[in-house]
Amino acid sequence: MTTTEVTWEFFEEQIERPPLTPAQVAWRRFRRHKMALVGVGLLIAIFLYVTVGAFFYSEADANRTDLSITLSPPSPDHPLGTDGTGRCILARTIYGGQISVLIGLFAVIVSVTVGVLIGAISGYYGGHIDAILMRFTEAMFNIPQLFLLILLAKFLSGKIPTFKLLGRSFSGSVIVIIGVIGLTSWMYLARIVRANFLSLKEQEFVTAARCIGSRNFSIIFEHILPNSVAPIVVAATLGVASAIINEAYVSFLGLGVQPPTATWGNMLDQAYHHLDSEPWMWFFPGMLILLTVLGINFVGDGLRDALDPRALTQTE
Amino acid sequence: MTRYIIRRLLQTIPLLLIISVILFVLANKMGDPLASFGGRRRIRSGDRERLTRKLGLDKPILVQYAIWLVGNDWMKVDIDGDGILDEYGTRKGVLRGDFGKSFMEKRPVLEIIKERVSNTLILMLTCEVVILIFSLLIGIYSALRQYSTLDYVFTAFSFIGYSMPIFWLALILMYIFAVNFKQWGLPYFPTIGMYDLAVGRTVGQITWHMVLPVATISIMSVAGYSRYVRSQMLEVISQDYIRTAYAKGLPERMVIMGHALKNAALPLVTIVGMDLPLLLSGAVVTESIFAWPGMGRLFWSAAQDTDIPVLMGILVIISALVVIFQIITDITYTFLDPRIRYD
Amino acid sequence: MAPLLEVQDLTTRFYTLDGIVHAVNGISYTVEEGDTLGIVGESGCGKSVSVLSVMGLIPEPPGKIAAGQVLYKGQDLLQLDRKQMERIRGKEIAMVFQDPMTSLNPVLTIGRQISESLIVHLGMGQEEARRRSVELLDMVGIPQAVDRYSDYPHQFSGGMRQRAMIAMALACSPNIFIADEPTTALDVTIQAQIIDLVKTLRDQLGMAVIWITHDLGIIAGLAEKVLVMYAGFFVERGSVDDIYGDPRHPYTLALLKSVPRVDRTSKERLAVISGLPPDLLGLPPGCPFAPRCTYAVEQCRKENPCLEPIGFGHEIACWVDVTTGRER
């Protein structure tokens with residue numbers, strides 16, 4: 001609540017004030033969302049944890065087994081305890097975090113690409129193409145995701161070998177998981193994008209673009225798509241959260257990323273058998289997942305409000 | 001109205017067909033269908049060929065799909081490769097419930113599934129009821145008393161509950177209510193199975209064993225849906241007709257119960273109906289953790305053993321259930337919303 | 001005779017993230033039994049908020065009735081608790097709103113929405129309420145009222161819906177009937193029918209009517225007393241003849257001039273009021289109309305004038321005499 005000193009000159013200035021761009025409006029609204037800011041804070045904290053942490057612990061630390069100190073509780077040497085083969089849980093959560101987050105991000109890239117493509121083509125061209133694509137989308141949508149995930153993960157596991165990237169070695173199953181999660185999460189976004197396209201393509205700016213001879217490709221990507229950015233951004237953000245959770249589920253069931261590469265999910269799998277005796281084994285990785293996903297959900301919620309198309313038409 | 005139902009049912013047939021195609025392609029690519037016939041002895045190559053032809057596995061893929069759907073026991077098959085049709089095939093096809101035999105147990109898949117279905121249903125239905133009640137209660141309260149302390153508390157719980165991986169929640173619940181309660185000498189909840197083998201399959205036993213699994217699944221769903229109910233109620237409350245209701249001098253309870261609720265509840269029907277696939281997914285993990293003998297657990301162990309027929313059987317049944325449930329939901333929605341009824 | 005309704009210095013504000021919106025700024029008026037009062041002003045000038053304040057329908061955050069009294073039969077409505085206010089709303093003072101489509105609950109039958117008031121306020125039983133509702137529907141001119149009782153709002157046309165809303169409002173024979181732009185969302189021909197309906201019912205039932213609109217034409221044919229509102233202030237008050245025959249406030253003048261007339265030649269340009277509508281978040285000091293006023297003088301930018309009488313029952317809030325030059 002603010003009261004401003006209103007003099008005559010100030011008043012005249014106010015009338016002349018230029019309107020804000022949609023991006024500025026959205027940013028302002030986002031900033032007001034306390035929860036979204038908390039979310040951003042959480043995400044930054046997690047990001048620092050998995051990146052800066054890598055300077056303190058090497059990957060070898062994360063994978064080094066030491067059978068003399070298996071299953072030991074948190075101690076100064078190993079602040080989060082050790083697991084069943086004596087590996088340091090703290091180090092593993094750092095490197096596991098990198099993978100879990102990476103999987104989340106890349107899986108979303110896959111699903112957004114597929115979803116937007118299918119949604120855009122379906123919505124823009126309509127007719128038979130639309131009918132076929134939408135039937136397919138609906139069919140995929142109706143098969144519960146986890147079941148598909150499990151099946152595809154099982155089917156494709158072992159098909160891709162371990163590889164090295166940026167100084168870390170990744171099990172081939174990482175690629176598999178990224179692909180599998182990405183290929184089973186695009187349906188929701190495809191529907192939204194299609195709905196958006198259906199309504200937007202009737203608008204006059206599209207007709208105008210056609211009049212000046214723009215080609216379909218250009219219309220789709222340069223005209224209509226930028227207008228549907230809002231729901232895509234929100235869906236993508238929330239999609240990262242969902243991808244991280246899905247990875248956790250699949251890994252927990254033993255079908256995801258294979259050890260020794262750690263992810264938060266497969267750490268929980270190993271911990272399952274030590275439920276009552278060594279709670280630190282599952283508590284910390286799970287907590288990290290919770291914090292990350294929570295942060296993403298907060299941010300996504302804030303984004304959704306900030307980018308609400310209804311809000312963008314109001315003058316601020 | 002009946003026309004609408006019939007139209008809807010007809011629309012789902014192509015959908016089910018496409019789903020079946022997708023699943024069939026998966027099933028085909030995923031493994032060796034003859035694995036269940038091996039046992040300890042190695043199959044002699046001659047036997048293998050005969051079996052292949054008997055089951056119709058040597059035919060082109062489109063024919064195989066057809067056989068998968070409707071079986072080949074109504075047509076003659078050439079078994080010994082001499083070009084002469086000998087006997088009838090032995091497959092009945094998915095539409096008649098023949099999903100093949102489990103690799104692990106060598107029994108018909110449908111039989112195995114049937115044993116487990118009721119267990120999952122017991123869990124699911126209890127969860128649905130609990131979820132509905134709590135989502136409505138929390139959501140409505142939060143909407144009416146927006147910005148109150150309790151509203152913030154509920155919102156926080158919702159976000160946290162909704163961001164947790166379900167098995168982590170299960171582990172925490174288990175840790176607190178089973179392991180630690182036991183240590184502290186309190187009555188503790190069981191964590192394994194549906195009933196104590198010593199006592200038998202009684203209602204009491206099942207209820208007692210159900211507490212933790214139901215709590216796990218419900219907390220997660222309530223977290224999500226209470227927020228949805230809250231936002232729906234908020235939207236409804238800001239509508240003009242609510243203002244009219246107040247302008248007529250109706251007491252608050254009547255406005256909320258009689259006017260607002262009916263409007264806010266409509267989309268809830270759709271959501272709850274569509275919840276089935278999510279609940280089932282949650283069931284896989286929860287049943288596995290709590291060793292609840294249902295379809296979810298079956299799926300998981302089948303996945304571990306790569307028991308393709310069982311996996312496919314469950315997938316087909318579940319997908320069909322999801323589609324059917326969608327239709328039921330749509331029709332229910334049409335019943336409830338008078339605006340659609342008269343179209 | 002004591003006035004039925006007496007509004008004194010009503011001030012309503014909204015506390016928003018962007019600042020404080022001064023929606024209603026110290027207005028006063030009285031309504032006697034059987035009066036027909038018209039409140040005129042452009043969109044956003046605060047007329048709806050003023051009557052919603054009277055009815056107690058302002059949502060308390062973010063709104064707040066900051067000052068004033070609303071005396072109905074001597075009792076200050078702003079001091080009543082919720083239950084007491086509920087007994088007045090719908091029974092003694094009733095209101096119809098602008099858009100009948102969104103103002104009616106789409107999932108309840110029209111009949112049920114009328115019967116509710118009867119059951120709650122007059123204690124009628126289901127059957128009796130039903131019969132009376134059908135009578136009311138008939139009274140507002142809805143044909144086949146008996147069948148229409150169990151129809152839903154979407155099955156009515158716009159004009160019929162508004163008639164149903166009126167039936168709902170009059171169900172308990174209120175003493176004051178407030179109409180907030182009830183015809184704005186309807187075509188002109190339907191508009192005329194609704195206005196005639198209200199006039200007939202007013203004469204039949206002897207109730208007071210407060211009609212809010214931005215349309216000067218409607219007020220001319222309906223009201224006896226008129227209040228012109230701008231930026232949450234009353235700027236001119238008088239009888240219908242005063243306002244239309246002898247307008248004295250620059251805003252009233254500008255409004256009347258900007259109404260297109262059938263008898264003007266097409267060569268003349270349409271007169272508009274220059275400038276932008278007032279921003280209720282930051283009103284300038286002085287008279288709110290000054291930035292757009294062609295008669296404005298230095299004093300107008302410094303101090304906000306109050307309503308002062310210039311004739312019998314005719315008041316304006318202005319520093320300037322529009323017939324000459326300076327006044328005060």
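Residues numbered from 1 in each chain as written. Chains lettered and ligands numbered in written order. Predicted model: local features only at pLDDT ≥ 70, side-chain atom pairs only at ≥ 80, totals over all residues.

### What about the overall build of chain A?
- Within chain A one finds 15 helices and two strands.
- Across the 316 residues in chain A, those meeting the buried criterion constitute 43%.
- Counting contacts in chain A only where the partners sit at least 6 residues apart, residues at least 24 apart contribute 72% of the total. (Helix = DSSP H or I, 4+ residues; strand = E, 2+ residues; numbered from the N terminus. Buried ≥ 20, exposed ≤ 12 C-beta atoms within 10 Å, placed from the backbone. Contact = placed C-beta atoms within 7 Å.)

### A short note on the interface of chain B and chain C
- Counting residues at the interface gives 17 residues for chain B, matched by 24 residues for chain C.
- At the level of elements, α8 (240–247), α9 (252–290) and α12 (338–341) of chain B are the ones that each hand at least two residues to the side of chain B that touches chain C.
- Among the elements that line the side of chain B that touches chain C, the one with the most residues is α8 of chain B, at six residues.
- Grouping the amino acids of the side of chain B that touches chain C by side-chain chemistry returns six nonpolar, five polar and six charged. (Nonpolar A, V, L, I, M, F, W, Y, C, P; charged D, E, K, R; others polar.)

### Describing the sheet that holds strand β6 (residues 93–96) of chain C
Residue and element names in this part refer to chain C.
- Pairing is mixed in the open sheet, where eight strands are placed in the order β6-β7-β8-β3-β9-β10-β12-β11. Two strands bound the open sheet, and with one partner strand each, they are β6 and β11 (308–311). Going across the sheet, the axis of each strand differs from the next one's by a mean of 20°, ignoring polarity.
- Examined bridge by bridge, strand β3 (residues 36–40) and strand β9 (residues 225–230) share four bridges and lie parallel to one another. When the sheet's bridge partners are listed, Gly38 is paired in β9 with Val226.
- Packing of helix α1 (residues 47–55) onto the sheet brings it into contact with β3, β6, β7 (176–180), β8 (208–213) and β9, and relative to β8 it is tilted by some 145°. (Pairing = 2+ DSSP bridges. Axes fitted to C-alpha atoms, helices over the stretch in contact; angles between N-to-C directions.)

### Structural notes on the sheet that holds strand β5 (residues 75–76) of chain C
Residues and elements named next belong to chain C.
- Spatially, the four strands line up as an open sheet ordered β2-β1-β4-β5, and their pairing is antiparallel. The sheet is open, and its two edges are formed by β2 (19–31) and β5, each paired on a single side.
- Two elements, strand β1 (residues 5–16) and strand β4 (residues 63–72), share eight bridges in a ladder whose sense is antiparallel. Each residue of the ladder has a partner; that of Gln8, found in β4, is Gln69.

### A word on the packing of helix α4 (residues 109–144) of chain B against helix α7 (residues 203–237) of chain B
All names here are of chain B.
- Where α4 meets α7, the axes come as close as 5 Å, and the angle between the chain directions of the two elements is 35°. Helix-helix and strand crossings are classified by hand; for α4 and α7 the assignment is right-handed.
- Each residue belonging to the contact of α4 with α7 can be placed in one class, and the counts come to 21 nonpolar, seven polar and one charged. (Left-handed = near helix turned anticlockwise from the far one by under 90°.)

### A few points about the packing of helix α13 (residues 264–271) of chain A against helix α14 (residues 280–306) of chain A
Residues and elements named next belong to chain A.
- Between α13 and α14, whose axes approach to 8 Å, the crossing angle comes to 155°. Taken together, the axes of α13 and α14 are roughly antiparallel relative to one another. In the packing of α13 onto α14, the handedness of the crossing is left-handed. Packed against α13, whose contacting residues are Trp264, Met267, Leu268, Gln270 and Ala271, the element α14 presents Met281, Trp282, Pro285, Gly286, Leu288 and Ile289 at the interface. (Parallel < 35°, antiparallel > 145°, perpendicular 65-115°, else oblique.)

### A closer look at the confidence of the model for chain A
Residue and element names in this part refer to chain A.
- Looking at chain A, the pLDDT average stands at 78 and 86% of residues meet or exceed 70.
- The least confident element of chain A is helix α15 (residues 309–312), whose mean pLDDT is 50; the most confident is helix α5 (residues 89–125), at 88.
- Throughout residues 1–5 the model reports pLDDT below 50, and contacts reaching past four residues in sequence, or to other chains, amount to six contacts. (pLDDT = per-residue confidence, 0-100.)

### Re the interface of chain B and chain A
- At the junction of the two partners, chain B supplies 35 residues and chain A supplies 35 residues.
- Secondary-structure elements contributing two or more residues to the side of chain B that touches chain A are α1 (2–30), α5 (149–163), α6 (166–183), α9, α10 (295–305) and α11 (308–336) of chain B.
- Per element, the largest residue contribution to the side of chain B that touches chain A is seven residues, and it comes from α1 of chain B.
- Grouping the constituent residues of the side of chain B that touches chain A by class yields 30 nonpolar, five polar and no charged.

### Topic: helix α4 (residues 110–122) of chain C
Residue and element names in this part refer to chain C.
- When the terminal C-alpha atoms of α4 are compared, their 18 Å separation across 13 residues agrees well with the 18 Å that a helix rising 1.5 Å per residue should span.
- Extensive coverage of α4 is indicated by the burial of ten of its 13 residues.
- Residues of α4 that are buried: Ile110, Gly111, Gln113, Ile114, Ser115, Glu116, Ser117, Leu118, Val120 and His121.
- Backbone geometry just after α4 places Gly123 at a positive phi near 65°. (Expected span 1.5 Å × (residues − 1).)

### Some remarks on the pairing of β4 of chain C
Residue and element names in this part refer to chain C.
- Direction of pairing for β4 relative to β5: antiparallel, over a ladder of two bridges. Looking at β5, one finds that Leu71 is bridged to Asp76.
- Hairpin remark: β4 followed by β5, antiparallel, with two residues in the connecting loop; positive phi at Lys73, about 50°.

### A word on the pairing of β7 of chain C
Residues and elements named next belong to chain C.
- A large share of β7 lies buried, amounting to five of its five residues.
- Burial of β7 is two-sided: the residues Ile176, Ile178 and Asp180 facing one way and the residues Phe177 and Ala179 facing the other way are all buried.
- When β6 meets β7, the two strands line up parallel, connected through four bridges. Directly across from Ala94, in β7, lies its bridge partner Phe177.
- Taken together, the five bridges between β7 and β8 define a ladder with parallel strand orientation.

### Observations concerning unusual backbone geometry
- If you check the backbone angles, Tyr147 of chain B has positive phi at about 70° while not being a glycine.
- Mapping Tyr147 of chain B onto the fold places it in the loop between α4 and α5.
- The exposure class assigned to Tyr147 of chain B is exposed, which follows from the 8 C-beta atoms found within 10 Å.
- For Asp9 of chain C, which is not glycine, the phi dihedral falls at a positive 50°.
- Tracing the sequence through the fold places Asp9 of chain C in strand β1.

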